[in-house]
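What the coordinates show
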Amino acid sequence: MAVKITEECIACGACEAECPNEAIYEAGKDWVIGGETKAAITDEHTYIVPDKCTECVGFHDEPQCIPACPTEAIIVDPDHVETKEQLMAKKDHLDSVGR
Ligand code: SF4
């Protein structure tokens, strides 16, 4: 499961620095994977790219962004359910193509 940011976000940017996968972007900012630029997912609040979030699998025991958020705006995303193996494979993919 990836995690996601809800409308509770106040765009403080505290979570962005915590992400080892560089999966968190400012509202309206395009995101990058393997040197390729993709269109911003939302311009309403800071957002997490599901293709880059591993729930911190491969780096930490728990998602690092959730406790970093002062408004509890980050939650696990029920629309992106993945096993630990899938998350690890995503991490390996990011290791090879670049974040
Ligand atoms: Fe990044 Fe970890 Fe938060 Fe996913 S859970 S967005 S990998 S800090």
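Now for a quick tour of the structure. Only a predicted model underlies this, so the values are computations on that prediction, with no experimental measurement involved. (Residues numbered from 1 in each chain as written. Predicted model: local features only at pLDDT ≥ 70, side-chain atom pairs only at ≥ 80, totals over all residues. Heavy atoms only, no water.)

For the rest of this paragraph, the subject is the site of the ligand. The local shell around the ligand consists of Val3, Cys19, Pro20, Asn21, Ile24, Ile48, Cys53, Thr54, Glu55, Cys56, Pro63 and Cys65. Comparing atom positions with the cavity grids shows the ligand to sit within the largest cavity. (Near = heavy atom within 4 Å. 1 Å grid on protein atoms, 1.4 Å probe; cavity = no way out; pocket = protein on both sides within 12 Å on 5 of 7 lines; lining within 4 Å. Sits in = over half its atoms within 2 Å of the grid points.)

A few words now on the nonpolar core. Counting residues in hydrophobic clusters, the biggest one holds 14 residues, and the most contacted among them are Ile5, Ile24, Ile48, Cys65 and Ile74. Grouped together as the second largest cluster of nonpolar side chains are six residues, Tyr25, Trp31, Ile33 and Leu94 included. (Core = buried A, V, L, I, M, F, W, Y, C linked by side-chain atoms within 4.5 Å. Buried < 20%, exposed > 50% of the residue type's maximum accessible area, 1.4 Å probe, protein only.)

Let us look at unusual backbone geometry. At Glu22, a position not held by glycine, the phi torsion is positive, near 50°. Positionally, Glu22 belongs in the loop between β1 (3-5) and β2 (24-25). Even without a glycine there, the phi angle at Cys56 is positive, about 70°. On the secondary structure map, Cys56 appears in the loop between β5 (47-48) and α1 (65-68). (Helix = DSSP H or I, 4+ residues; strand = E, 2+ residues; numbered from the N terminus.)

Next up on the list: the side chain of Lys90. Assignment of secondary structure puts Lys90 in helix α2 (residues 84-97). Overall, Lys90 belongs to the buried group, its relative accessible area being 12%. Polar contacts involving the side chain of Lys90 include one to the side chain of Glu82, which spans 2.9 Å. Setting aside residues up to four positions removed in sequence, Lys90 forms contacts with Pro50, Asp51, Lys52, Cys53, Thr54 and Glu82. (Polar contact = N/O pair within 3.5 Å; in protein donor to acceptor, adjacent residues only side chain to side chain. Contact = heavy atoms within 4.5 Å.)

Counted according to the given criterion, the structure contains four salt bridges. Glu36 is paired through a salt bridge with Lys38; the nearest N and O atoms lie 3.4 Å apart. For Glu36, a relative accessible area of 47% corresponds to the partly exposed category. Across the salt bridge formed by Lys91 and Asp95, the nearest N and O atoms sit 3.0 Å from each other. Pair noted here: Lys91 and Asp95 are both in helix α2, with a separation of four residues, about one helical turn. Overlapping salt bridges, with partners in common, bring together Lys91, Asp95 and Arg99 in one network. (Salt bridge = Lys/Arg side-chain N within 4 Å of Asp/Glu carboxyl O.)

The next point concerns the packing of aromatic side chains. Per the counting criterion, the structure on display carries one aromatic pair. The cationic tip of Lys91 hangs over the ring face of Phe59; the distance from NZ or CZ to the ring centre is 5.1 Å. (Phe/Tyr/Trp six-rings, centres within 6.5 Å; stacked < 30°, edge-to-face > 60°. Lys NZ or Arg CZ within 6 Å of the ring centre and 35° of its normal.)

Turning our eyes to something else, we now look at empty space enclosed by the protein. This structure, assessed with the given rule, holds two cavities of 30 Å³ or more. Its volume calculated, the largest cavity comes out at about 80 Å³. For the largest cavity, the lining is made up of 16 residues, of which Cys19, Pro20, Cys53, Cys56 and Cys65 are closest to its centre. Classifying every residue of the lining of the largest cavity by side-chain character gives 10 nonpolar, three polar and three charged. Cys9, Ile10, Cys12, Cys15 and Cys69 are, among the 13 residues lining the second largest cavity, the residues nearest its centre. Considering only residue class, the lining of the second largest cavity consists of 10 nonpolar, three polar and no charged. (Points joined across faces, edges and corners; volume = space filled by probe spheres on them. Nonpolar A, V, L, I, M, F, W, Y, C, P; charged D, E, K, R; others polar.)

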